[in-house]
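What follows is the residue order along each chain.
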Amino acid sequence: MDSYRHKGLRKALVSSLRPKGIYNEAVLDAMMKVPRHLFLDKAFEEWAYKDQAFPIREGQTISQPFTVAFQTQLLEPEKSEKVLEIGTGSGYQACILYHLFKKVYTIERLKTLFDSTQKLLKGDGYKGAPRFAPFDKILVTAGASSIPKTLLEQLKIGGYLVVPVGQGDDKEMLRIKKTGEESYEKESFGIFRFVPFKKGTVD
Ligand code: SAH
């Protein structure tokens with residue numbers, strides 16, 4: 001359930017994101033709409049409105065609210081667009097995207113997490129979702145060791161891939177714009193930490 005207390009805590013959290021560099025009003029609105037506490041076990045509700053990542057099942061995490069807002073802002077969402085998320089996890093980020101895009105697809109490799117979110121796509125995010133491609137935007141919410149080429153292929157020209165990439169624990173937040181069939185422009189937006197982007201699926 002969503003109460004006045006939860007809404008108050010959420011409002012404080014959302015206000016704290018502005019000075020950290022979140023200026024997109026539609027993104028802030030979406031963060032205000034989605035009750036993050038519903039994506040954590042009830043025992044951990046307290047933690048839902050702190051600006052921190054939090055462990056969910058299977059050793060995975062629900063991303064830090066700032067990171068969710070930051071990655072979403074980098075996507076420059078448009079209501080007419082179709083987006084693919086890699087790494088459903090708790091489903092929280094997917095719900096934020098749902099408020100900002102026309103169509104949201106999201107892929108998870110762990111069956112237990114996939115079962116708890118339903119209607120989503122089980123599969124290996126490295127392969128993307130060719131059946132539903134091309135996408136306007138693709139968001140990877142796990143830390144990759146290199147740029148996933150298959151995902152670039154599934155972008156429309158003019159589209160963005162937002163993906164944290166790096167060899168070690170520190171990942172560079174990249175936004176790659178597809179400028180032509182074989183041409184791309186890369187921008188970098190600082191260092192973040194993520195659980196690893198792993199190949200294959202797990203039952
Ligand atoms: N977006 C999530 C946070 C996800 S944490 C949220 O809002 O809660 C990263 C997730 O990526 C984990 O659930 C992990 O299992 C998943 N993941 C890692 N490698 C993957 C792959 N190859 N394909 C799909 N999902 C993957």
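Scroll up to find the structure this text is about.
No experiment lies behind these values; they were computed from the predicted model shown.

Conventions we followed
- Residues numbered from 1 in each chain as written.
- Predicted model: local features only at pLDDT ≥ 70, side-chain atom pairs only at ≥ 80, totals over all residues.
- Heavy atoms only, no water.
- Helix = DSSP H or I, 4+ residues; strand = E, 2+ residues; numbered from the N terminus.
- Pairing = 2+ DSSP bridges.
- Near = heavy atom within 4 Å.
- Polar contact = N/O pair within 3.5 Å; in protein donor to acceptor, adjacent residues only side chain to side chain.
- Areas by Shrake-Rupley, 256 points an atom, 1.4 Å probe, with all protein chains shown as cover.
- Nonpolar A, V, L, I, M, F, W, Y, C, P; charged D, E, K, R; others polar.
- Phe/Tyr/Trp six-rings, centres within 6.5 Å; stacked < 30°, edge-to-face > 60°.
- Buried < 20%, exposed > 50% of the residue type's maximum accessible area, 1.4 Å probe, protein only.
- Lys NZ or Arg CZ within 6 Å of the ring centre and 35° of its normal.
- Contact = heavy atoms within 4.5 Å.
- Core = buried A, V, L, I, M, F, W, Y, C linked by side-chain atoms within 4.5 Å.

Asker: Lay out unusual backbone geometry in plain terms, naming residues and giving numbers.
Answerer: Cis geometry is found at the peptide bond from Ala133 to Pro134, where omega equals 0 degrees. If you trace the backbone, Pro134 turns up in the loop between strand 5 (121–122) and strand 6 (135–140). Phi is positive for Glu58, close to 65 degrees, though the residue is something other than glycine. With respect to the secondary-structure elements, Glu58 resides in the loop between strand 1 (54–55) and strand 2 (61–62). Residue Glu76 is not a glycine yet carries a positive backbone phi of 45 degrees.

Asker: Tell me about the pairing of strand 9 (residues 183–193), and name the residues and values.
Answerer: Sheet topology places strand 8 (residues 170–180) next to strand 9; nine bridges connect them, and they run antiparallel. Opposite Gly180, over in strand 9, you have Ser183 as the bridge partner.

Asker: So, the site of the ligand: which residues are in play, and what are the values?
Answerer: What surrounds the ligand is a group of 27 residues, the closest being Ser90, Glu108, Asp124, Gly125 and Lys198. Here a nitrogen atom of the ligand sits 3.0 Å away from a polar atom, N or O, in the main chain of Gly87. Notes on the ligand: free accessible area 590 Å², of which the protein chains cover 99%. Listed by contribution, the elements that provide at least two residues to the shell around the ligand are strand 2, strand 3 (82–86), helix 4 (92–98) and strand 4 (103–108). Considered class by class, the residues forming the shell around the ligand number eleven nonpolar, eleven polar and five charged.

Asker: Outline the pairing of strand 4, supporting the account with residue identities and numerical values.
Answerer: Judged from the five bridges that link them, strand 3 and strand 4 form a sheet pairing that is parallel. Looking across to strand 4, one finds that Leu84 is bridged to Tyr105.

Asker: Please set out the packing of aromatic side chains residue by residue, giving values where relevant.
Answerer: This structure, assessed with the given rule, holds ten aromatic pairs. Centre to centre, the rings of Phe39 and Tyr92 are 5.6 Å apart; their planes meet at 70 degrees, and the pair counts as edge-to-face. In this pair, Phe39 sits in the loop between helix 2 (25–33) and strand 1 while Tyr92 sits in helix 4, placing the two residues 53 residues apart along the sequence. Tyr92 sits in the buried class, given a relative accessible area of 2%. With 6.4 Å between their ring centres and 70 degrees between their planes, Phe70 and Phe189 make a pair best called edge-to-face. Note that Phe70 is positioned in helix 3 (residues 65–74) and Phe189 in strand 9, a separation of 119 residues in sequence. Every member of this aromatic cluster is reached through a ring pair, and the members are Phe66, Phe70, Phe189 and Phe192. Here the guanidinium or amino end of Lys82 rests over the ring plane of Phe135, the centre of that ring lying 5.4 Å away. Directly above the aromatic system of Tyr126 lies the positively charged group of Lys199, at a separation of 4.4 Å from the ring centroid.

Asker: Requested: an account of the environment of Ala142, with residues and values cited.
Answerer: Summarising the element assignment, Ala142 is placed in the loop between strand 6 and helix 6 (149–153). A relative accessible area of 10% places Ala142 in the buried class. Considered as a pair, Ala142 and Gly166 are 24 residues apart in the sequence and their alpha carbons are 11 Å apart. Apart from the residues lying within four places of it in its own chain, the contact partners of Ala142 are Ile86, Pro164, Phe194, Val195, Pro196 and Phe197.

Asker: Give a description of the side chain of Arg175 that names residues and reports values.
Answerer: Within the secondary structure, Arg175 is located in strand 8. Of note is the side chain of Arg175, whose polar atom sits 3.5 Å from the side chain of Glu76. Contact partners of Arg175, with chain neighbours within four places excluded, come to Leu74, Glu76, Tyr160, Leu161, Val162, Glu185, Lys186, Glu187 and Phe189.

Asker: Quick rundown of the nonpolar core? Include the residues and the values.
Answerer: Soluble globular proteins tend to bury their nonpolar side chains together. Ranked by internal contacts, the top residues of the largest apolar core, which has 32 residues, are Ile22, Met31 and Ile96. Breaking this core down by element, the ones donating at least two residues are helix 1 (4–17), helix 2, helix 3 and helix 4. A per-element tally of this core places helix 3 first, with five residues. Apart from residues lying up to four places away in sequence, Met31 is in contact with Arg10, Val14, Leu17, Pro65, Val68, Ala69, Tyr92 and Ile96. Within the second largest apolar cluster, 20 residues are counted, among which are Tyr105, Ala129, Leu161 and Val165.

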